[in-house]
Amino acid sequence: MIARLLYAALFIVVLPALLVAWGARLDTLLSLPAYGSPVMGWPIVAAGVALMLAATRSLWVLGHGLPASPFPPTQFVTRGIYGVVAHPIYIGAIITAVGVSLATQSGGGLWIVTPTLALAIAAWVIGFERDATIARFGAQPAPLLSLPHATNDAPLLRERFAFIGVVLAPWLTGFMAIELLGAGSDGISTYMAWDAALPVIPWTESIYFSTYVIAALAPFIVRTRRQLRELGLDGLWATAIIMPLYLALPLVAVAKPVEGNGFWEEMLRFERAGDAPTTAFPSFHIVWACIAARVWAERFPRWRWPLALLVAATAIACVTTGMHSAADIVAGGVAYVVVIRRTSIWGALCSASEAIANSWREARVGPVRLLSHGAYAAAGATLSVAVAVALAGADHLWWIVAMALVGVGGAGLWAQLVEGSPQLLRPYGYFGSVVAMPLFAIVMTAFGADGWLALAALTTGAAFGQPVGRLRCLVQGCCHGREAIGVPGICYTHPQSRVVRLSPLGGASVHPTPLYSIVWTLLVGALLLRLWSLHAPLSFIGGAYLILVGAGRFVEEHFRGEPQTRVVGGLRMYQWLGIVMIVAGAAVACIATPSAPSAAGLHPSTILPLLGLFLACYAAYGVDSPDSSRRFSRLV
C-alpha cells in the first residue's frame, strides 16, 4: 500500500509540479512564442483530466487494478474509453500539459515541456509497456481509433472514419504546431532566382485545392482493410519523417503576394491565413497528392494516367500559386519515394549493417594486433571534435581535444567497473564519457576556460561522430540486439564477434540496435545543430542532447540482447540510466548560460591535431595484445 501511495504521489503531485516549474524556468531563459489564455487553456485541462479519470475508473472497475506499471490490473480492459483509444491516460496527460501551457501562456511549457513529455511517454510505451502488456495478457483487440488489420475484406465505415483520428489528426496537429512555432532567425529561402521571378497565377489554386479533396476521400474509396492500413501507414510514416525535417532544417519559402480581388485570389488569401513559411521543404502537399493518387489509381486503374497528370499539374500549381519553390516540390517527391519504399530502404540498410558486422579484419605485428574496426571509433571521435571546433572556434581546439580524450578514458573506466571480466579485458561504456566530460568541463572552468562552450560544442559534434563509431559496435558485436521476431534483423556469423563468442545468438536474426542508434543520433545531431544556429543557450543545447539521447537509449536498450547487462526492477540497467539522462537534461537546460556563438568554421591549423587525435583513439579502440590476459591488454 505504501508503494502504491508513493507511486501515485510521484505521478499525480511531484511530476506535474516539476513539469510546471520546468516550463516556468524555461520561460525566463528562452524566447518562445506564447499562445493562449485562461479561458482557452483551462477547459482543455478539464478535458485532459476527465479523460485520465475516465481511464482510471475503467481500470479500477473493469481491470481490478490501478494505472501503474508496477501494479498492473489483473484483467486487460477493452471497454469504456479503452474501447475507443489506446493509452487514454497518456493522451490525457499530454492534453493537460497543452492546456496548462495555454492557460498560463507558457512558451516553454508548450514547445519544450509538452513535447518532452510526449517523447518520454512514447519511449516508455515502445521501450517497455507495449511488450510487457502483450507478455502479460497476450494479443488483444484493437480500439476503435486504430488502423485495421491487413486483411482482404472490406473495411467498416467506422474504420474509414477512424483514419481521420489516427492519421490526419496527428498530421494536422504537428503541421499547425510547427507553423505556430514560426520561422527562426536563421531561415534560408528555398527559392532560386528563376522561380522567385515567376508570377502568381491565381486560377491554378483550383488544381492546388484538388489535393485536399482526393486525400480526404482516399480512406473512403479503398476496397480492403489491407489497403486502408497501408494508406494509414504511409501517412504516419510521412508525418514521422517530414515533421522533424521542418524543425531541423532552416529552409523556408515565403508565399508570394496575391494581387486582385477575384474568386481564386480570395481563395488563395483564405488558404494562406495563418500560413507560415516553415512547413515548405519538403512539400507535404506533394506527398499527400502522390499518396492519395496512388490509392485512387489502385481503385480505378483506368484513371491511372489522368491521376498522374493531376499530380504533375499539382506540382506546377504549387509553384504558380506562390505557395512553394521548385526545390520544395523536388524534395516532396523524394520524401514520397522514401515513404513508399521505406521497407526496401530499411532492408538495404540492414543488409549493409550485416555486411559491416561480419567484416572483421586484423593484422599482427609481433605481439601487437591491429583491428580494422578501430578506425570507425577513431573516425567518429575525430569527426566529433572537428564539428565541435568548427562551432566553438580554433581557440578552443586543445581543450576540446582534451575533453574528448577524457571521454574515452571515462568510457574505459566505466566499462571496467560495470562489464570488465576475463572475457572483456578492455571494454568501453558510453555512460562513462557522459559522466567524465561534464566533470572535465568543471575543471576547465576552474582554469578560466569556457567549459560550457566546449561541452555544448562537443555534445553537438558527438551526435554526428557517434553514428560513425557505432560501426565499430557492429563489427565488435557489442551493443547487439536480441532475437528479432517478425521484423527485419541482421545475423552475426564472424567467430570473433561478441555475439558469436559470448551469446547464443550467433547466426540468429537479431535487432540491428546499432543501426537504430545511428538513425536516431543523426536526427538528434541535426536538431542540436539547428539549436546552435538559432543561438540557443549552451546549457539548453547540452540538456537537449541528454534528453533526446536518453529517450533513444531507453528504447534501444529494450531491443538489445547483451547477456551481461543486469535487469533491475523489470528494466535493463541502461534503461534506468536513460531515465537519469532525461531528468539530468531537464535540470541542465534550466541553468542560465551564454548563447551559442556563430559557427567559426574549421581552420587548416586543426588538421594535424585532428590527425593526432585519430591515431590516439585508434590505439585505444583498435590496437591490443591478444596473447596477454592482463587487464586492458585485450580488446576481444
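Residues numbered from 1 in each chain as written. Predicted model: local features only at pLDDT ≥ 70, side-chain atom pairs only at ≥ 80, totals over all residues. Heavy atoms only, no water.

1. Details of the side chain of Gln 476
Within the fold, Gln 476 resides in helix H17 (residues 451-476). At 2.8 Å, the side chain of Gln 476 and the side chain of His 373 are in polar contact. Discounting chain neighbours no more than four positions away, the residues touching Gln 476 are Trp 360, His 373, Ser 497, Arg 498, Leu 635 and Val 636. (Helix = DSSP H or I, 4+ residues; strand = E, 2+ residues; numbered from the N terminus. Polar contact = N/O pair within 3.5 Å; in protein donor to acceptor, adjacent residues only side chain to side chain. Contact = heavy atoms within 4.5 Å.)

2. Let's talk about the sheet that holds strand E4 (residues 368-371)
Pairing in this open sheet of 3 strands is antiparallel, and the strands run E3-E4-E9 from one edge to the other. In the strand order of this sheet, the two ends are held by strand E3 (362-365) and strand E9 (623-624), each with one partner. Sheet topology note: the E3/E4 ladder contains 4 bridges and is antiparallel. Residue pairing across strands places Val 365 opposite Val 368, the latter belonging to E4. (Pairing = 2+ DSSP bridges.)

3. Looking at a nonpolar patch on the surface
Together, Leu 10, Phe 11, Ile 12, Val 13, Val 14, Leu 15 and Leu 18 line one region of the surface with nonpolar side chains, adding up to about 630 Å² of accessible area. Mapping Val 13 onto the fold places it in helix H1 (residues 2-29). (Patch = residues over 30% accessible without salt bridge, like charges linked within 9 Å, V, L, I, M, F, W, Y side chains within 5 Å. Areas by Shrake-Rupley, 256 points an atom, 1.4 Å probe, with all protein chains shown as cover. Salt bridge = Lys/Arg side-chain N within 4 Å of Asp/Glu carboxyl O.)

4. A short note on the nonpolar core
Within the largest apolar cluster, 63 residues are counted, with the highest numbers of intra-cluster contacts made by Trp 22, Val 385, Met 403 and Trp 532. Sort the elements by how many residues they give to this core and helix H14 (residues 374-392) lands first, with 10 residues. When neighbours within four sequence positions are excluded, Val 385 is seen to be in contact with Ile 400, Val 401, Ala 404, Leu 458, Leu 610 and Leu 613. Of all hydrophobic cores here, the second largest spans 41 residues; its members include Ile 178, Ile 242, Phe 284 and Val 311. (Core = buried A, V, L, I, M, F, W, Y, C linked by side-chain atoms within 4.5 Å. Buried < 20%, exposed > 50% of the residue type's maximum accessible area, 1.4 Å probe, protein only.)

5. Points about the pairing of E4
A one-sided burial pattern is seen for E4, the buried positions being Arg 369 and Leu 371 and the unburied ones Val 368 and Leu 370. Here E3 folds back onto E4, and the loop between the two strands holds 2 residues, one of which, Gly 366, carries a positive phi near 65 degrees. As judged from the 2 bridges shared by E4 and E9, these two strands associate in the antiparallel manner. Bridge assignment links Arg 369 to a residue of E9, and that residue is Asp 624.

6. A closer look at the pattern of salt bridges
If you walk through the whole model with that rule in mind, you get 18 salt bridges. The salt bridge partner of Asp 131 is Arg 482, with a shortest N-O separation of 3.4 Å. Of this pair, Asp 131 sits in helix H4 (residues 107-137) while Arg 482 sits in the loop between H17 and strand E5 (490-491); the two residues are 351 residues apart in sequence, bridging distant segments of the chain. Assessed through its relative accessible area of 27%, Arg 482 is described here as partly exposed. Where Asp 186 meets Arg 530, a salt bridge forms, and the shortest distance between an N and an O atom there is 2.8 Å. Note that Asp 186 is positioned in the loop between helix H5 (157-181) and strand E1 (188-189) and Arg 530 in helix H19 (residues 513-533), a separation of 344 residues in sequence. Across this residue pair, the class does not change: Asp 186 and Arg 530 are buried. Salt bridges linked by common partners bring Arg 470, Arg 553, Glu 556, Glu 557, Arg 560, Glu 562 and Arg 572 together as one network.

These results come straight from atomic positions and should not be treated as a statement about function.
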